[in-house]
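An overview of the molecular structure
Here is how the chains run, residue by residue.
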Amino acid sequence: MGLNGKIALVTGGAQGIGLAIAKRLAGDGAHVVLADIQLEAAEKSSEEIKSLGGLASAKRLDVTDLKEIQSVFDSISKEHKPVDILVNNAGITRDGLLVRMKESDWDAVLSTNLKGCFLCTQQATKQMMKQRSGSIVNIASIVGVMGNFGQANYSAAKAGLIGLTKTTAREVASRGVTANAVAPGFIDTEMTQKLDEKVRNAMLEQIPLGKFGSPEDVADSVAFLVSDQAKYITGQVININGGMLM
Ligand code: NAD
């Protein structure tokens, strides 16, 4: 139970990869706050974690809204203590070919997937630098490195997240805070279940391990990065993609 006494905030924690991370960190002893734009779903997931014996609570959070972010960080500090672990996981897709992509779809994805992470990181690092400890993990993506048909907005946001992770790591290292990213490949969640059968099969052919990853595969790496075993690791990107990109 290496995370006993720690507070972990997981954005987009109501479902999918975020929920798997929340369950895993709660299993390791942290009190996990599931912060999601879908409050009811986050509450249900937090009840599920509690029924498994973990410590959890839910908050409504839209990562594009600075006021809401400030109020979530303030309320966690008052109710518990400042956040020790931040997992920037909230993300959306609005796919479309570059030539036809609507400006609103570009803005929505950049705003949630990149600016949201910047705003949450800014709040968290203020508290963590004061405490002289803390860890941040950003959920990037293989497409931030490779690019992907129909995902100009998403791949730009995820590539930006990698740059943001490295800059954060450099700026906070002297205060005992680490910042890393994981870059999942294709993971079986609602986000990828929306994909056309043909696209899913074409993706599978490119994965040497021959299957999509599970949310738990991502959660395992995040749990490692926030643990004491990873205290000398910062500014890194761990690829979790079944060998799709080497
Ligand atoms: P998902 O759609 O199942 O879950 C995303 C969660 O984020 C949802 O609970 C949603 O309500 C929440 N969310 C959306 N907008 C929000 C906002 N503005 N504020 C707060 N919460 C918000 O997706 P997932 O597959 O679990 O993806 C989680 C993360 O992993 C995303 O950042 C995604 O880009 C990344 N990722 C996923 C895959 C994959 O194959 N599924 C691969 C690489 C990276």
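Figured I'd write up the structure that's included with this text. (Residues numbered from 1 in each chain as written. Predicted model: local features only at pLDDT ≥ 70, side-chain atom pairs only at ≥ 80, totals over all residues. Heavy atoms only, no water.)

Structural notes on the nonpolar core
If you look at the biggest cluster of nonpolar residues, it comprises 31 residues, and the most contacted ones within it are Ile 21, Leu 25, Val 32, Leu 34, Val 87, Val 182 and Val 222. When residues no more than four places from it in sequence are discounted, the contact partners of Leu 25 are Leu 3, Ala 8, Ala 30, Val 32, Ile 85, Val 87, Ala 223 and Val 226. Counting residues in each nonpolar core, the second largest holds 21 residues, with Leu 86, Cys 120, Met 128 and Val 177 among its members. (Core = buried A, V, L, I, M, F, W, Y, C linked by side-chain atoms within 4.5 Å. Buried < 20%, exposed > 50% of the residue type's maximum accessible area, 1.4 Å probe, protein only. Contact = heavy atoms within 4.5 Å.)

Observations concerning helix H9 (residues 215–225)
Among the residues of H9, Pro 215, Val 218, Ala 219, Ser 221, Val 222, Ala 223 and Leu 225 are the ones counted as buried. Tucked inside the fold, the buried residues of H9 contact helix H1 (16–27), strand S4 (85–88), strand S5 (134–139), strand S6 (177–184) and strand S7 (237–240). (Helix = DSSP H or I, 4+ residues; strand = E, 2+ residues; numbered from the N terminus.)

Description of the sheet that holds strand S3 (residues 55–60)
Ordered in space as S3-S2-S1-S4-S5-S6-S7, the seven strands form an open sheet in which the pairing is parallel. Edge strands, defined here as strands with exactly one partner in the open sheet, are S3 and S7. Sheet twist, expressed as the average angle between the axes of neighbouring strands with direction ignored, equals 20°. In this sheet, S3 lies alongside strand S2 (residues 31–36) in parallel orientation, the contact comprising six bridges. Each residue of the ladder has a partner; that of Ala 35, found in S3, is Lys 59. Packing of helix H3 (residues 66–79) onto the sheet brings it into contact with strand S1 (7–11), S2, S3 and S4, and relative to S3 it is tilted by some 150°. (Pairing = 2+ DSSP bridges. Axes fitted to C-alpha atoms, helices over the stretch in contact; angles between N-to-C directions.)

Examining a nonpolar patch on the surface
A contiguous nonpolar patch, built from Leu 97, Val 99 and Phe 149 and spanning about 390 Å² of accessible area, is present on the exposed surface. Mapped onto the elements, Leu 97 comes out in the loop between S4 and helix H4 (103–131). (Patch = residues over 30% accessible without salt bridge, like charges linked within 9 Å, V, L, I, M, F, W, Y side chains within 5 Å. Areas by Shrake-Rupley, 256 points an atom, 1.4 Å probe, with all protein chains shown as cover. Salt bridge = Lys/Arg side-chain N within 4 Å of Asp/Glu carboxyl O.)

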